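Secondary and tertiary structure notes
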Amino acid sequence: MTIRYVLDGLTKYLREAKIASARLEAEMLLAHALGVDRLDLYLHPEHALTEEQYQRVRALARQRVQGEPLQYLLGSVPFYNVELKLSPAVLIPRPETEELVDRIVKDFRAPPSRVLDLGTGSGAIAIALAKTWPQSRIVAIDVSEEALALARQNALANGVQIEFVRSDWYSALTDSFDLIVSNPPYVRSSALDHAQREVQREPRRALDGGPDGLEAITRIIRDSVHFLTPYGRLYVEIDTDQGERVRQLLLATEVFSRADILQDSSGRVRFARAMRSA
Ligand code: GLN
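Now for a quick tour of the structure.

How each quantity is defined
Residues numbered from 1 in each chain as written. Predicted model: local features only at pLDDT ≥ 70, side-chain atom pairs only at ≥ 80, totals over all residues. Heavy atoms only, no water. Near = heavy atom within 4 Å. Polar contact = N/O pair within 3.5 Å; in protein donor to acceptor, adjacent residues only side chain to side chain. Nonpolar A, V, L, I, M, F, W, Y, C, P; charged D, E, K, R; others polar. Buried < 20%, exposed > 50% of the residue type's maximum accessible area, 1.4 Å probe, protein only. Helix = DSSP H or I, 4+ residues; strand = E, 2+ residues; numbered from the N terminus. Contact = heavy atoms within 4.5 Å. Axes fitted to C-alpha atoms, helices over the stretch in contact; angles between N-to-C directions. Parallel < 35°, antiparallel > 145°, perpendicular 65-115°, else oblique. Left-handed = near helix turned anticlockwise from the far one by under 90°. Pairing = 2+ DSSP bridges. Salt bridge = Lys/Arg side-chain N within 4 Å of Asp/Glu carboxyl O.

Surveying the vicinity of the ligand reveals the residues Arg-94, Glu-96, Asn-183, Pro-184, Pro-185, Tyr-186, Val-187, Ala-206 and Leu-207. Side-chain polar atom of Asn-183 to a nitrogen atom of the ligand: 2.7 Å apart, as the coordinates give it. Between the ligand and Tyr-186 there is a distance of 3.0 Å, counted from a nitrogen atom to a side-chain nitrogen or oxygen. Among the residues forming the shell around the ligand, the class breakdown is six nonpolar, one polar and two charged.

What follows is the structure, given as structure tokens:
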């Protein structure tokens, strides 16, 4: 069986299973199973697969059709300026979160000396910032040991130094930081029950923000006042309908001199940004 033949069959199989970008996913799965780049599939369309390669592709395709997210099957994902290993123990980093990192990098003229990433998961935000700001001291916490183990591997693979700490939000911390950033769980519990099946394969703890989606965000904002240096800044990813309530939470602390709700590139509310006064 040639690459061309398998690629066409795989595309058809994914399309019939209602997978939206069937051709692209077929290319990615086949290239992954063969250990080549996507472009190679088109450079060598008549190349024949070994039986083992063919079985590998079939197994991947079957899992994909059963709802396993593509990124878990590929085992890694590009994020901002780095490549991250993934497992079902961590949330799949989203493009919105790359935008959050980009926003932060553009906002800071000089790298902050001390940075905290709350709920680091795969390590995405912390590692992207560490790569951008090699001189900054970066601490990343997560409550999940499995996530921390993966994040440590990712930091090592990307050649950055990060201090990983197991912590329930701020509970294990004593220092203060010039920048605190988080992509916390913020989806309403009830919405998660109806989320697409790929999302249901992600760790619920990384997504579930409680009945109103604001449980984690509330703690992160309320306690940030004890962990931010004067003029320290807080950035939190939020849901599209949470802007006004998050602004209220920020103002209620009475320590922020500025509180902005920002949109992502598709024009939806997506981030909160605040600066502590002196
Ligand atoms: N943006 C993600 C989603 O809608 C949620 C991420 C999160 O809760 N931090 O699936």
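What follows deals with helix H11 (residues 215-224). Regarding H11, the residues found buried are Ala-216, Ile-217, Ile-220, Ile-221, Asp-223 and Ser-224. At its buried positions, H11 is contacted by strand S3 (114-118), strand S6 (177-182), strand S7 (228-237), helix H12 (243-252) and strand S8 (256-263).

Now for the packing of helix H2 (residues 22-34) against helix H4 (residues 51-65). Helix packing geometry: the angle between the two helix axes and the distance between the axes. Axis separation between H2 and H4 bottoms out at 9 Å; the angle between their running directions is 140 degrees. With respect to H4, the element H2 is oriented oblique. In terms of crossing hand, the pair formed by H2 and H4 is right-handed. Together, Glu-25, Leu-29, Leu-30, His-32, Ala-33 and Leu-34 of H2 and Gln-53, Arg-56, Val-57, Leu-60 and Arg-64 of H4 make up the contact between the two elements. In the contact of H2 with H4, the residues fall into six nonpolar, two polar and three charged.

We now examine the packing of helix H1 (residues 3-16) against H2. Between H1 and H2, whose axes approach to 8 Å, the crossing angle comes to 130 degrees. When the interaxial angle is binned, H1 and H2 end up oblique. Crossing handedness for the pair H1 and H2: right-handed. Residues Ile-3, Val-6, Leu-7, Asp-8, Leu-10, Thr-11, Leu-14 and Arg-15 of H1 form the contact with H2, whose own contacting residues are Ala-22, Arg-23, Glu-25, Ala-26, Glu-27, Leu-29, Leu-30 and Leu-34.

Take Ser-122: it is sitting in the loop between S3 and helix H7 (124-132). Here Ala-124 takes part through its backbone nitrogen, which lies 3.5 Å from a polar atom of the side chain of Ser-122. In this structure, Ser-122 is in contact with Leu-84, Lys-85, Leu-86, Val-90, Pro-93, Ile-127, Ala-151 and Asn-154, ignoring residues within four places of it in sequence.

Turning our eyes to something else, we now look at the sheet that holds strand S9 (residues 269-276). Taken in spatial order, the seven strands line up as S5-S4-S3-S6-S7-S9-S8 in an open sheet, and their pairing is mixed. Both outer strands of the open sheet, strand S5 (163-166) and S8, are each paired with one neighbouring strand and no more. Averaged over all adjacent pairs, the angle separating strand axes in this sheet is 15 degrees, with direction ignored. Strand contacts of H12: S7, S8 and S9, with the helix running at about 165 degrees to S8, the strand carrying the most contacts.

What follows deals with the pattern of salt bridges. Pairs may arise between side chains of opposite charge once their charged atoms sit close together. A full pass over the atoms with the stated rule returns 27 salt bridges. Residue Arg-219 pairs with Asp-168 through a salt bridge whose shortest N-O separation is 3.6 Å. One end of the pair, Arg-219, is in helix H11; the other, Asp-168, is in the loop between S5 and S6, and 51 residues separate them in sequence. Residue Arg-219 is classed as partly exposed on the basis of its relative accessible area, which comes to 30%. Relative accessible area serves as the criterion here: at 37%, Asp-168 is assigned to the partly exposed category. Here Asp-264 makes a salt bridge to Arg-270, at a shortest N to O gap of 3.5 Å. Take Asp-264 and Arg-270: they sit in the same class, and that class is buried. Each member of the salt-bridge network shares a partner with another, and the members are Asp-8, Arg-23, Glu-27 and Arg-38.

What follows is about unusual backbone geometry. Phi at Lys-18 is positive, roughly 70 degrees, even though this residue is not glycine. Relative to the helices and strands, Lys-18 resides in the loop between H1 and H2. Not every positive phi belongs to a glycine, and Glu-254 is a case in point at roughly 60 degrees.

Nothing here speaks to function; it is all geometry.
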